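Residue-level listing of the chains:
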Amino acid sequence: MADNATHHYISSFFLVGIPGLQDFHCWIGIPVCLLFSLTLLGNSIIIITIKLEPSLHQPMYFFLGMLAMNDMALASSTAPKMLGIFWLDAHWIDFDICLAQLYFIHTFCIIESALLVAMAFDRYVAICIPLQYTTLLTTTMVMKMGLASVVRAIFLVLPGPFLIRRLPYYTKYVINHAYCEHMAVVKLASANTHVNRTYGISVAFSVMVLDLGLIATSYLKILQAVFRLSSQNARSKALGTCAAHVCTILVSYTPALFSFLTHRIGKKVPPSVHIIFASLYLLVPPTVNPLVYGVKTKQIRDRVIGLFFPNKKISEN
């Protein structure tokens, strides 16, 4: 620890886990481990299926593959440390490792949001201007959109750790959380944190408003195009291609919005509820997404069945 006249800079933080539920950490670790295992298994199956099946080498499935890889990375940035806390009492985390964890968590969350926007745009082009689908969404364009999602997240989140590094941390080292989260770390600083708080809320608000706005606009255009179709069967088929994506949006944004709102306006909500929902936001979507696409998307479902049960007859179109 570095000396500073009368104080010592802290070199590590103590992650409490779920405040008030420490006696149940051992049991809480079971669903966390299950969710993490299912995330790795389900998303690996999605990636392998898309890679091995030539008929799935289309923009929609390339975006799905990117989403699956990002989901695995997001879960891997949080679940192992959470399990260490719940099962091994490994509460301490090095200062720099904590900054790295919060950086990757927020980066992967923003990438996830951007990929959902890209997938909404894919459905918009496929339904509203289908004749231009192959010319607009080329493999090169899909790669550029994926790269743009990553670059945006990297540069939006990058100032966070540096802004935290400039703050002095003397006496407070206990983080009432199961992982390192930006505002949870900022609150421990022994200095004015107005800049950090403004930065954090600005990034979260701008990303959520922009991305949800673009998704809503895409689906508004899609609904307008669908309801202009004369055939009920055509309407159902068009909407059916969006079902999995809509479910993914709901699964991803609902716990995020709840966590965001309760953290800021739900002053009477117990801390344990805040932490549980914040953890669910990071663990549930990566687990559910491959299940949603496996059930809702016939092409994925049939290819997975064919991959693992080659002798089973695949359903006809």
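Numbers given to residues run from 1 along each chain, matching the order in which its sequence is written. Per-residue local features of the predicted model are confined to residues with pLDDT of at least 70, and side-chain atom pairs are confined, for both listing and counting, to 80 or more; whole-chain, interface and lining totals are unaffected and use all residues. Hydrogen atoms and water are omitted, and side-chain values are computed over all heavy atoms in the structure.

Chemist: Teacher, can you tell me more about the pattern of salt bridges here?
Modeler: The working definition used for a salt bridge is a side-chain nitrogen of Lys or Arg within 4 Å of a carboxyl oxygen of Asp or Glu. Applying the stated criterion to the full structure yields three salt bridges. A salt bridge links Arg123 to Asp122; its shortest N-O distance comes to 2.8 Å. No difference in accessibility class separates Arg123 from Asp122, as the two residues are buried. Across the pair Asp211 and Arg152 runs a salt bridge whose closest N-O atoms are separated by 2.8 Å. Remark: Arg152 occurs in helix α6 (residues 139-157) and Asp211 occurs in helix α9 (residues 194-226); sequence separation between them is 59 residues. For every residue, the accessible area obtained with a 1.4 Å probe (protein chains only) is divided by the maximum for its type, and the residue is called buried under 20%, exposed over 50%, and partly exposed between those limits. Classification of Arg152 as partly exposed rests on a relative accessible area of 23%. Helix and strand definitions follow DSSP, with helices as H or I runs of at least four residues and strands as E runs of at least two, each counted in order from the N terminus.

Chemist: What am I meant to see in the sheet that holds strand β4 (residues 92-94) here?
Modeler: Pairing between the strands of a sheet is mediated by backbone hydrogen bonds and can be parallel or antiparallel. Each pair of strands is called paired provided DSSP finds at least two bridges between the two strands. Across the sheet, which stays open at both edges, the three strands sit in the order β4-β3-β5 with mixed pairing between neighbours. If you trace the sheet from one side to the other, it starts and ends with β4 and β5 (174-175), each paired once. Relative to β4, strand β3 (residues 12-15) runs antiparallel, the two sharing three bridges. Considered in β4, the bridge of Phe13 is made with Ile93. What makes two residues a contact is simply this: any of their non-hydrogen atoms within 4.5 Å. Helix axes are fitted only over the stretch in contact, all axes being lines through C-alpha atoms; the angle between N-to-C directions runs from 0 to 180 degrees. Seen against the sheet, helix α4 (residues 95-128) touches β3, β4 and β5 and runs at an angle of roughly 85° to β4.

Chemist: Teacher, can you tell me more about a nonpolar patch on the surface here?
Modeler: Patch building starts from residues that exceed 30% relative accessible area and form no salt bridge, then joins like charges within 9 Å and nonpolar side chains (Val, Leu, Ile, Met, Phe, Trp, Tyr) within 5 Å. Surface exposure here means Shrake-Rupley accessible area, sampled with a 1.4 Å probe, where a residue is shielded only by the protein chains that are shown. Taken together, the side chains of Leu147, Val150, Val151, Ile154, Phe155, Leu158 and Phe162 define a hydrophobic patch exposed on the protein surface, amounting to about 620 Å² of accessible area. At five residues, α6 tops the list of elements feeding residues into the nonpolar patch. Within the secondary structure layout, Ile154 lies in helix α6.

Chemist: Just to check I follow, could you spell out the state of the cysteines for this structure?
Modeler: Here is the idea: a disulfide is a covalent bond, and it sits between the sulfur atoms of two cysteines. Working definition: a disulfide is two cysteine sulfur atoms within 2.5 Å of each other. Throughout the structure, instances matching the rule amount to one disulfide. Paired through a disulfide, Cys98 and Cys180 show a sulfur-sulfur distance of 2.0 Å. In this structure, the disulfide formed by Cys98 and Cys180 twists by about -120° around the S-S bond and is classed as left-handed. You can see Cys98 sitting in helix α4 and its partner Cys180 sitting in the loop between β5 and α8 (182-186), a full 82 residues away along the chain. Looking at Cys98, the relative accessible area reads 0%, which means it is buried.

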